[in-house]
Amino acid sequence: MSSAIEDDPGPYDPRTRQEMTVGRSKHSSAVLATAICLGGVVLPPKAYAIEPAFDPYSSTQPGAQPSTNAAATPASPSFFTFSDSVISYRYESDTKQPGNAGGAGRAIDGRSAPKNIITFANTNAWEYGTNFFNIDFIKSGSQDPSGYKFPFNTIPTGEGALEYFAVYRGTLGLNAMTGTKAFAIPGLIKEVSIAYGFNNDKDSRSFRNDQLDLLGGINLAFDVPAGYVSLAAQAYKSYNHNALIPARRTTVYDWAPELELTYGIPLPFESVPLSLNGYIVMIWPRGNDDFGNATRLQFQSRTDLVLDIGKLIYNQPNRLNAFVGFYYYQNKFGADQRFIPGANQKSFLAGVALHLN
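Let us look at the structure shown here. (Residues numbered from 1 in each chain as written. Predicted model: local features only at pLDDT ≥ 70, side-chain atom pairs only at ≥ 80, totals over all residues. Heavy atoms only, no water.)

**Some words on a nonpolar patch on the surface**
Part 1 of the argument: Taken together, the side chains of I87, Y89, Y91, I118, F120, F137, V352, L354 and L356 present a nonpolar region at the surface, about 790 Å² in accessible area.
Part 2 of the argument: Among the elements that make up the nonpolar patch, the one with the highest residue count is strand β1 (residues 82-95) (3 residues). (Patch = residues over 30% accessible without salt bridge, like charges linked within 9 Å, V, L, I, M, F, W, Y side chains within 5 Å. Areas by Shrake-Rupley, 256 points an atom, 1.4 Å probe, with all protein chains shown as cover. Salt bridge = Lys/Arg side-chain N within 4 Å of Asp/Glu carboxyl O. Helix = DSSP H or I, 4+ residues; strand = E, 2+ residues; numbered from the N terminus.)

Written out as structure tokens, the structure reads:
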């Protein structure tokens, strides 16, 4: 039932989740901005703390202090030119689940449930490309219930659903692999990359969703004055298994086009280190869903306002961040919001993120 970026996603430039903060080699610097999201975005993206933007092509690491020791021992060579691990927590209000009816408002609005989400993510870069891995552990409020008490199939647990959502994205930069600038257009495109990845989603609801998504395509990193803007055009394929519908235990969705626009823009306030980060994801209809209903065009949008607390308080940028944001999902998972309760979500969110490196 999930999409490229559920409840955020995802499929994307991973810097929508955590921003890359280090200088690169002459090859890898050209591909860093092409590591594709929730958010999802799945991307899209689902989960992920969207953190501060900066110029990924800078030759210096933000917050790094120059060495004053002329005899300092050089660092040992590493396969990765950059690696950053982040753990984050966020709270989302008014999340929806298609088909979860019984809310206090209009019947078509469905039932709202809060979610508490803990995320671990790693972003790394090597000579020819980038990798991004993210896993969310999600606990819903009781309004979004889990299944039934084992071994009874008629007694609800009365507890909120548990879920995990894993995302991998990789890129291979064409300029980096060829050692040229043949795929760059000064003032417009910094890098063109081959993009690929997968999502995996499982939950404890009665439906017992178990979905695998495969994605592949091209990612463009735009040449912008500050921050980053990337656009991915990908093919999207989903496989789902459920425990609720005997006649349709497994659903193989059609291939469908997907577009992911991700951005991270530092705001021009010298005294307060703020950035505006987010993504937009569109997934075209994928055939019929697990219930045999035709899927609809999905539209997801998430925008976060991020405060770099580390830089503000103790001059250590990209160490500790706080964020607030808004998330919109139309035709969630492809469900038709005109007829299915809970297929249109509008949520506010807030959280903190800690870099472990």
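**Remarks on the packing of aromatic side chains**
Part 1 of the argument: What the rule picks out here adds up to 9 aromatic pairs.
Part 2 of the argument: Here a set of aromatic residues connected by ring pairs shows up, and it is made of F79, F80, W126 and Y128. (Phe/Tyr/Trp six-rings, centres within 6.5 Å; stacked < 30°, edge-to-face > 60°.)

**A short note on empty space enclosed by the protein**
Part 1 of the argument: The volume enclosed by the second largest cavity comes to roughly 30 Å³.
Part 2 of the argument: What lines the second largest cavity is simply T95, K96, Q97, N100, R111, A113 and D144. (1 Å grid on protein atoms, 1.4 Å probe; cavity = no way out; pocket = protein on both sides within 12 Å on 5 of 7 lines; lining within 4 Å. Points joined across faces, edges and corners; volume = space filled by probe spheres on them.)

**A few points about the pairing of strand β6 (residues 210-222)**
Part 1 of the argument: Of the pairings in the sheet, the one linking strand β5 (residues 189-203) to β6 comprises 13 bridges and is antiparallel in character. Pairing of E191 across the sheet is with A221, part of β6.
Part 2 of the argument: In sequence, β5 turns back onto β6 through a hairpin of 6 residues, with R208 there showing a positive phi of about 55°.
Part 3 of the argument: Relative to strand β7 (residues 228-241), β6 is paired through 12 bridges, and the arrangement is antiparallel. (Pairing = 2+ DSSP bridges.)

**As for the pattern of salt bridges**
Part 1 of the argument: Under the counting rule described, the total for this entry stands at 9 salt bridges.
Part 2 of the argument: In this structure, R205 and D144 form a salt bridge, with 2.7 Å as the shortest nitrogen-oxygen distance. One end of the pair, R205, is in the loop between β5 and β6; the other, D144, is in the loop between β3 (129-140) and β4 (162-173), and 61 residues separate them in sequence.
Part 3 of the argument: The class of R205 is buried, set by a relative accessible area of 7%.
Part 4 of the argument: Where D203 meets R205, a salt bridge forms, and the shortest distance between an N and an O atom there is 3.0 Å. For the pair D203 and R205, a shared accessibility class is recorded, and that class is buried. (Buried < 20%, exposed > 50% of the residue type's maximum accessible area, 1.4 Å probe, protein only.)

Function cannot be read off these values alone, since they describe shape.
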